[in-house]
Amino acid sequence: MANIKSQIKRIGTNEKARINNKGVRSALKSAIRKFRSTSAGSDKAMTTQELRAASRALDIAVAKGVIHKNQAANKKSAMAKAVSRAK
């Protein structure tokens with residue numbers, strides 16, 4: 001355990017950030033999972049709607065610094081390709 005006051009504070013700050021990031025990452029994974037389950041179906045409107053929601057979740061994760069912007073762009077591109085292939 002740290003015995004320096006600033007390091008003890010830093011441990012607490014890191015723990016708070018870890019918990020916040022975990023929530024954002026969980027919401028992101030849920031949005032992507034929901035998109036994948038709807039893209040397997042035949043409803044184009046619902047798939048497009050879930051694509052928008054997943055893209056929004058990716059943008060939020062990037063803005064909060066949870067994932068890198070290139071990772072988000074790569075995932076969005078792959079999802080858009082999946083939608084266009086399905087149509």
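Residues numbered from 1 in each chain as written. Predicted model: local features only at pLDDT ≥ 70, side-chain atom pairs only at ≥ 80, totals over all residues. Heavy atoms only, no water.

Under Sequence similarities (unreviewed entry), UniProt gives the following word-for-word description of the protein: "Belongs to the bacterial ribosomal protein bS20 family." (UniProt positions renumbered as here; feature names shortened; annotations may be inferred.)

*Asks:* What is the right way to read the overall build of the protein from this model?
*Replies:* From N to C terminus, the protein includes three helices and zero strands. Going residue by residue from the N terminus, the α and β elements of the protein occur as α-α-α. Against the compact-globule benchmark of 12 Å for 87 residues, the protein has a radius of gyration of 17 Å, which places it well outside the compact range. For the protein, the proportion of its 87 residues judged to be buried stands at 22%. Taking contacts inside the protein between residues at least 6 apart in sequence as the whole, the part at least 24 apart equals 48%. When the accessible area of the protein is evaluated, it comes to approximately 6,400 Å², of which 53% is carbon and sulfur surface. (Helix = DSSP H or I, 4+ residues; strand = E, 2+ residues; numbered from the N terminus. Rg over C-alpha atoms; globule rule 2.2 N^0.38 Å. Buried < 20%, exposed > 50% of the residue type's maximum accessible area, 1.4 Å probe, protein only. Contact = heavy atoms within 4.5 Å. Areas by Shrake-Rupley, 256 points an atom, 1.4 Å probe, with all protein chains shown as cover.)

*Asks:* So what exactly am I meant to see when it comes to the nonpolar core here?
*Replies:* General note: in soluble globular proteins, nonpolar side chains tend to be found buried as a group. Counting 15 residues, the largest nonpolar core has Leu28, Phe35, Leu58, Ala61, Ile67 and Met79 as its most contacted members. When residues of this core are traced back to their parent elements, those giving at least two are α1 (5-39), α2 (44-63) and α3 (69-86). With residues up to four places along the chain from it excluded, the contact list for leucine 58 reads Leu28, Ile32, Ile67, Ala72, Lys75, Lys76 and Met79. (Core = buried A, V, L, I, M, F, W, Y, C linked by side-chain atoms within 4.5 Å.)

*Asks:* Can you help me understand α2 in this one?
*Replies:* The periodicity of an α-helix, 3.6 residues per turn, causes residues three or four places apart in sequence to face the same way. End to end, α2 covers 29 Å across 20 residues, agreeing with the expected 28 Å (1.5 Å per residue, within 8%). The secondary structure elements touched by the buried residues of α2 are α1 and α3. One or two positions beyond α2, positive phi appears at glycine 65, with a value near 80°. (Expected span 1.5 Å × (residues − 1).)

*Asks:* Just checking my understanding: could you explain a nonpolar patch on the surface for this structure?
*Replies:* Where nonpolar side chains cluster on the molecular surface, the patch consists of Met1, Ile8 and Ile11 and spans about 350 Å² of accessible area. Secondary-structure assignment places methionine 1 in the segment before α1. According to the relative accessible area criterion, methionine 1 is exposed, its value standing at 88%. (Patch = residues over 30% accessible without salt bridge, like charges linked within 9 Å, V, L, I, M, F, W, Y side chains within 5 Å. Salt bridge = Lys/Arg side-chain N within 4 Å of Asp/Glu carboxyl O.)

*Asks:* What exactly am I supposed to notice about a positive patch on the surface here?
*Replies:* On the surface, Arg25, Lys29, Arg33, Arg36 and Lys75 cluster together into a positively charged patch. Its location among the elements puts lysine 29 in helix α1. (Lys, Arg positive; Asp, Glu negative; His and termini not counted. Charge placed at Lys NZ, Arg CZ, Asp CG, Glu CD.)

*Asks:* Can you walk me through the pattern of salt bridges in this structure?
*Replies:* Note on pairing: side chains with opposite charge can pair once their charged atoms come close. Scanning all chains against the criterion turns up two salt bridges. With a shortest N-O distance of 2.6 Å, lysine 76 and aspartate 59 are connected by a salt bridge. Here lysine 76 is found in helix α3, whereas its partner aspartate 59 is found in helix α2, with 17 residues between them in sequence. Judged by its relative accessible area of 26%, lysine 76 falls in the partly exposed class. The exposure class of aspartate 59 is partly exposed, given its relative accessible area of 38%.

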